[in-house]
Amino acid sequence: MELRTEHLDIPEGCNVIFGQTHFIKTVEDLYEIMVGSVPNAKFGIAFSEASGHCLVRGEGNDENLKEVAMKNAMKIGAGHTSSF
């Protein structure tokens, strides 16, 4: 096993939530939760798949934050994780 330290890009004033999950639909679920509970919040969400092509899926209402979340997810490189 190889352990590495990665620097994550976190824009000024942003909060980060990192979690582990099993379902691809989590990205859409988190999107609906954010829009429903904090309608004016700007956010980006990324989900790392752990099987198949191991894609990183992204969602959000701010393209820059979505891109940052996806890039950070790629750096972390752990399947079944979500961050926003």
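Just above, that's the structure.
Residues numbered from 1 in each chain as written. Predicted model: local features only at pLDDT ≥ 70, side-chain atom pairs only at ≥ 80, totals over all residues. Heavy atoms only, no water.

### Side note on the overall build of the chain
Part 1: Looking only at helices and strands, one finds two helices and four strands in the chain.
Part 2: Each helix and strand of the chain, placed in order from N terminus to C terminus, yields the pattern β-α-β-β-α-β.
Part 3: The C-alpha radius of gyration computed for the chain amounts to 13 Å, which stays within 12% of the reference 12 Å derived for 84 residues, consistent with globular compactness.
Part 4: Counting only C-alpha atoms and orienting by the principal axes, one finds that the chain spans roughly 40 × 30 × 20 Å.
Part 5: The buried share of the chain, reckoned over its 84 residues, is 30%.
Part 6: When contacts within the chain are restricted to residue pairs at least 6 apart in sequence, those whose partners lie at least 24 apart make up 59%.
Part 7: Total accessible area on the chain stands at roughly 5900 Å², and carbon and sulfur atoms take up 55% of it. (Helix = DSSP H or I, 4+ residues; strand = E, 2+ residues; numbered from the N terminus. Rg over C-alpha atoms; globule rule 2.2 N^0.38 Å. Buried < 20%, exposed > 50% of the residue type's maximum accessible area, 1.4 Å probe, protein only. Contact = heavy atoms within 4.5 Å. Areas by Shrake-Rupley, 256 points an atom, 1.4 Å probe, with all protein chains shown as cover.)

### Structural notes on helix 2 (residues 63–76)
Part 1: Relative to the 20 Å expected for 14 residues at 1.5 Å per residue, helix 2 spans 20 Å between its end C-alpha atoms, a close match to the ideal helical length.
Part 2: Measuring from the backbone nitrogen of N64 back to the side-chain oxygen at the start of helix 2 gives 3.1 Å, which picks out D62 as the cap.
Part 3: Looking one or two places after helix 2, you find G77, whose phi comes out positive at around 65°. (Expected span 1.5 Å × (residues − 1). Polar contact = N/O pair within 3.5 Å; in protein donor to acceptor, adjacent residues only side chain to side chain.)

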